[in-house]
Amino acid sequence: MLHVEWAVKKYFPKTLIQKLIFTVIIMTAYLIGRELPLYGVDLEAYEALRGQSEDLIMQTIGGDRYRTSILALGISPFMFSMLFVQVAVALKNTDSKSHTSPKKVTWATLILMFIWAIVQAVLTTESTFYVYQGGMQLIIAKAISAIQMITGSFVILWLATRNGKYGIGGQTMLIYVNILDGVVNTCRYAPIRDLKIVGSISVIALIFTIIFENSEYRIPMQRISIHNIYSDKNYIPIKFNPIGMMPVMFSSAFFMLPVYTVSVLAMIFPNNETIHWMHENMDTTHPLGLGVYIFVLYAITIIFSYIFISPKSITESLQKSGDSITGLRAGKKTRKFIGVRLHIIAIFSAFFMSTFLGVPLGLCMRGWIEPTLISLPSIMIALASINCNLYRELKAVKEYDAYVPFL
């Protein structure tokens, strides 16, 4: 019995088990919510869409591929608003950042999320199939379903926040569930020949992502406070994949900006043929939409790398502490040195992301694979990145339980 008890404590620590159970409860509630239909939606009309081409946006982030449940908006409203606020805070100087309270950041995120959720909900109702053909009943159905979607987005935020506090994986677990669902539904209807081609590309993308997530470029530095044998082991680390899976995740949210812009223009100018063509082709299953998506992916990989790994902030921090990069003076030379290295790494990361999305696109345009499979490599990239982070978190929680109480 003692050996069994020791093995349970070693491999299944108490804190880890509690967190895993809580995460299972949160995921169960989320999956149930995805099965609750919107008011007035015509579910039979969506049966014909099963197995057909699915939008990369919905596969990577959404979870409700056909926008029929109360959780139709997914976590994207919160992700978009959180990213926008983080970018705004990151662009501030060091003194302004220190005066920005977490409460203000939270309120700004919630307000922006509410606005973005309204926009998404209204535009989503325009493309949703309802059982009502027109009249006041259709207007009421759209209004009620829009309110349901907005409320659902805040329910998702609450679930994600609770899981971040008491569970494992934080907010990414909801995305994790959607990704696994996307993989299953993508592969279920795919021909074996096409699946072998895209599957090989996806495996290569997964391997490269794992390598990039666990590799870093190290800039050697000198710290004035360290004068022992570890003084030569100080460095500024920059991951080969500087911002992880953020390009795959947030490029989808930012891709919605041109999509919704074209949708609004199509409503304002219904007789404009050019806008109508753009509206019809602004999705990831058409050359225009996929081209815009890849451009957005490439752009934000580079831009966000500079925002979240700011050479300016690093240089200011080094100047205040008195530390420096080995062989360089503090100031402009240091900032330029870090900026050049970061730019090279960001371009390399953007090229990696764009390649594994562009190759399936080219194969699809030539008719070699089905459109439903073009998003599989991006799903695997996101899956590998989340798995790396989950592994680190599980390891940290497990080691936390290894500590023996002092009293």
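Remember, predicted model here, so these are calculated numbers, not experimental data.

J.: Help me get a handle on the overall build of the protein chain, residues and values and all.
T.: In terms of regular secondary structure, the protein chain is built from 16 helices and three strands. In the protein chain, of all internal contacts separated by at least 6 residues, the share reaching a separation of at least 24 is 79%. Working note: accessible area of the protein chain is about 21700 Å², and carbon and sulfur atoms make up 67% of it.

J.: For helix α15 (residues 332-365), give the residues involved together with the corresponding values.
T.: End to end, α15 covers 47 Å across 34 residues, agreeing with the expected 50 Å (1.5 Å per residue, within 8%). Directly after α15, the chain includes Gly-367, whose backbone phi takes a positive value near 80 degrees.

J.: Would you mind going over the pattern of salt bridges in detail, with residue names and values included?
T.: It is possible for side chains of opposite charge to pair when their charged atoms get near one another. For the coordinates displayed, the defined rule picks out three salt bridges. Close ionic contact of Glu-213 with Lys-239 constitutes a salt bridge, the shortest N to O distance being 3.0 Å. Separated by 26 residues along the polypeptide, Glu-213 in helix α10 (residues 192-213) and Lys-239 in strand β2 (residues 235-239) bring together distant segments of the chain. For Glu-213, a relative accessible area of 2% gives the class buried. Judged by its relative accessible area of 26%, Lys-239 is partly exposed. Two residues, Arg-218 and Glu-216, come together in a salt bridge whose shortest N-O distance is 2.9 Å. According to the relative accessible area criterion, Arg-218 is partly exposed, its value standing at 47%. Looking at Glu-216, the relative accessible area reads 31%, which means it is partly exposed.

J.: Describe in detail the packing of aromatic side chains, supporting the description with residues and values.
T.: When we look at a pair of aromatic rings, we describe it by the centre distance and by the angle of the planes. Counted under the stated rule, the structure contains ten aromatic pairs. Their ring planes at 35 degrees and their centres at 6.3 Å tell us that Phe-208 and Phe-352 sit as a pair that is tilted. Separated by 144 residues along the polypeptide, Phe-208 in helix α10 and Phe-352 in helix α15 bring together distant segments of the chain. Phe-208 gets classed as partly exposed once you look at its relative accessible area, which sits at 38%. Under the relative-accessibility criterion, Phe-352 is labelled buried at 5%. Through a chain of ring-to-ring contacts, the aromatic side chains of Phe-208, Phe-212, Phe-348, Phe-352 and Phe-356 assemble into a single cluster.

J.: An account of the nonpolar core is requested, with residue identities and associated values reported.
T.: Nonpolar side chains in soluble globular proteins tend to end up buried together. Among the nonpolar cores identified, the biggest contains 73 residues, and Ile-75, Ile-179, Phe-250 and Phe-304 are the most heavily contacted of them. Top element by residues in this core is helix α11 (residues 246-268). It accounts for ten residues.

J.: Before we move on, can you summarise the environment of Gly-327 with the specific residues and values?
T.: Residue placement: Gly-327 occurs in the loop between β3 (324-325) and α15. Distance from Gly-327 to Pro-220, taken between C-alpha atoms, is 9.2 Å for residues 107 residues apart in sequence.

J.: Account for the environment of Tyr-217, naming residues and giving values.
T.: Here Tyr-217 is to be found in strand β1 (residues 216-222). You can call Tyr-217 partly exposed: its relative accessible area is 29%. Separated by 18 residues in sequence, Tyr-217 and Tyr-235 place their C-alpha atoms 9.3 Å apart. With residues near it in sequence (within four places) discarded, Tyr-217 still touches Ile-236, Pro-237, Ile-238, Phe-240, Arg-341 and Ile-345. Only 3.4 Å separates the side chain of Tyr-217 from the side chain of Arg-341, close enough to count as a polar contact.

J.: Run through the confidence of the model for the protein chain, naming residues and quoting values.
T.: Averaged over every residue, the pLDDT of the protein chain is 77; the share at 70 or more is 83%. Averaged pLDDT values over the elements of the protein chain bottom out at 45 in helix α1 (residues 2-11) and peak at 87 in helix α8 (residues 135-166). Low confidence marks residues 1-9, where pLDDT is under 50. Its contacts with residues over four positions away, or in another chain, come to two contacts. Confidence drops under a pLDDT of 50 for residues 51-60, and excluding neighbours within four residues, the segment shows 41 contacts in the predicted structure.

J.: Could you give an account of the sheet that holds β1, naming the residues involved and the relevant values?
T.: Strand order in the open sheet formed by three strands is β2-β1-β3, and the pairing between neighbours is antiparallel. Each end of this open sheet is capped by a strand with a single partner; those strands are β2 and β3. Here β1 runs beside β2; their pairing, made up of five bridges, is antiparallel. The residue of β2 that forms the bridge with Glu-216 is Lys-239.

J.: For the environment of Tyr-130, give the residues involved together with the corresponding values.
T.: Topologically, Tyr-130 is positioned in the loop between α7 (102-126) and α8. Here Tyr-130 falls in the buried class, since its relative accessible area comes to 7%. Along the primary structure Tyr-130 and Thr-68 are separated by 62 residues, whereas in three dimensions their C-alpha atoms are 9.8 Å apart. Leaving out residues up to four positions away in the same chain, Tyr-130 has contacts with Tyr-39, Gly-40, Val-41, Asp-42, Thr-125, Leu-138, Ala-141, Lys-142 and Ser-145. Among the polar contacts listed, one links the side chain of Tyr-130 to the side chain of Ser-145, at a separation of 2.7 Å.

Cut-offs and rules
Residues numbered from 1 in each chain as written. Predicted model: local features only at pLDDT ≥ 70, side-chain atom pairs only at ≥ 80, totals over all residues. Heavy atoms only, no water. Helix = DSSP H or I, 4+ residues; strand = E, 2+ residues; numbered from the N terminus. Contact = heavy atoms within 4.5 Å. Areas by Shrake-Rupley, 256 points an atom, 1.4 Å probe, with all protein chains shown as cover. Expected span 1.5 Å × (residues − 1). Salt bridge = Lys/Arg side-chain N within 4 Å of Asp/Glu carboxyl O. Buried < 20%, exposed > 50% of the residue type's maximum accessible area, 1.4 Å probe, protein only. Phe/Tyr/Trp six-rings, centres within 6.5 Å; stacked < 30°, edge-to-face > 60°. Core = buried A, V, L, I, M, F, W, Y, C linked by side-chain atoms within 4.5 Å. Polar contact = N/O pair within 3.5 Å; in protein donor to acceptor, adjacent residues only side chain to side chain. pLDDT = per-residue confidence, 0-100. Pairing = 2+ DSSP bridges.

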